[in-house]
Amino acid sequence: SIGAHPLRTVFPWIFTAFAGVLPVFQVLQVWDRIIAYNTLELLPTLAAAIYLFRADRVLEAKSANEVHSIFKETVHIQA
C-alpha cells in the first residue's frame, strides 16, 4: 500500500461537483444532467468511472503523490 486512498482523491471532485476538475463545458454538462435527473447520484458514479478509467496507471504508481498527479491531468469525458 502506498497510502493513496481513493476517497482522498475523489471527495473534492464530488464536493465541488467537478468544478475545477473537468473543463467548464463538461462541468455544465454534468450539472445539466444532475438537474434533469433531479439526483446527485451521478457525482459518485462519475467519480468512480474516472478513477476506473485511470486504474491501470494508478496500479503502477509508486507513491501517493504520483497517484494525485495522474488525476491532475485534465480529464475529458464524452457526453
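About the cut-offs
- Residues numbered from 1 in each chain as written.
- Predicted model: local features only at pLDDT ≥ 70, side-chain atom pairs only at ≥ 80, totals over all residues.
- Heavy atoms only, no water.
- Helix = DSSP H or I, 4+ residues; strand = E, 2+ residues; numbered from the N terminus.
- Buried < 20%, exposed > 50% of the residue type's maximum accessible area, 1.4 Å probe, protein only.
- Contact = heavy atoms within 4.5 Å.
- Arc of directions from axis to C-beta.
- 1 Å grid on protein atoms, 1.4 Å probe; cavity = no way out; pocket = protein on both sides within 12 Å on 5 of 7 lines; lining within 4 Å.
- Points joined across faces, edges and corners; volume = space filled by probe spheres on them.
- Nonpolar A, V, L, I, M, F, W, Y, C, P; charged D, E, K, R; others polar.

A. A look at the overall build of the protein. Helix and strand content of the protein: five helices and zero strands. Moving toward the C terminus, one meets the helices and strands of the protein in the order α-α-α-α-α. Burial status across the protein gives 33% buried among its 79 residues. Across the protein, every contact between residues at least 6 apart in sequence was considered, and the portion connecting residues at least 24 apart equals 57%.

B. Spatial organisation of helix α5 (residues 64-72). Within α5, the full set of buried residues consists of Ala64, Val67, Ile70 and Phe71. Burial along α5 is one-sided: seen end-on, the buried residues are contained in an arc of 115 degrees. Turned more than 90 degrees from where α5 packs its buried face, Asn65 and Lys72 sit exposed. Looking at the buried residues of α5, the elements they touch are α1 (6-15), α3 (42-53) and α4 (55-60).

C. Local environment of the layout of surface pockets. Within this model, the largest pocket holds a volume of roughly 170 Å³. Surrounding the largest pocket, twelve residues form its lining, Thr9, Trp13, Val21, Phe71 and Lys72 being those nearest its centre. The set of elements that each furnish at least two residues to the lining of the largest pocket consists of α1 and α5. The element best represented in the lining of the largest pocket is α1, accounting for four residues. Along the lines of polarity and charge, the residues of the lining of the largest pocket split into five nonpolar, four polar and three charged.

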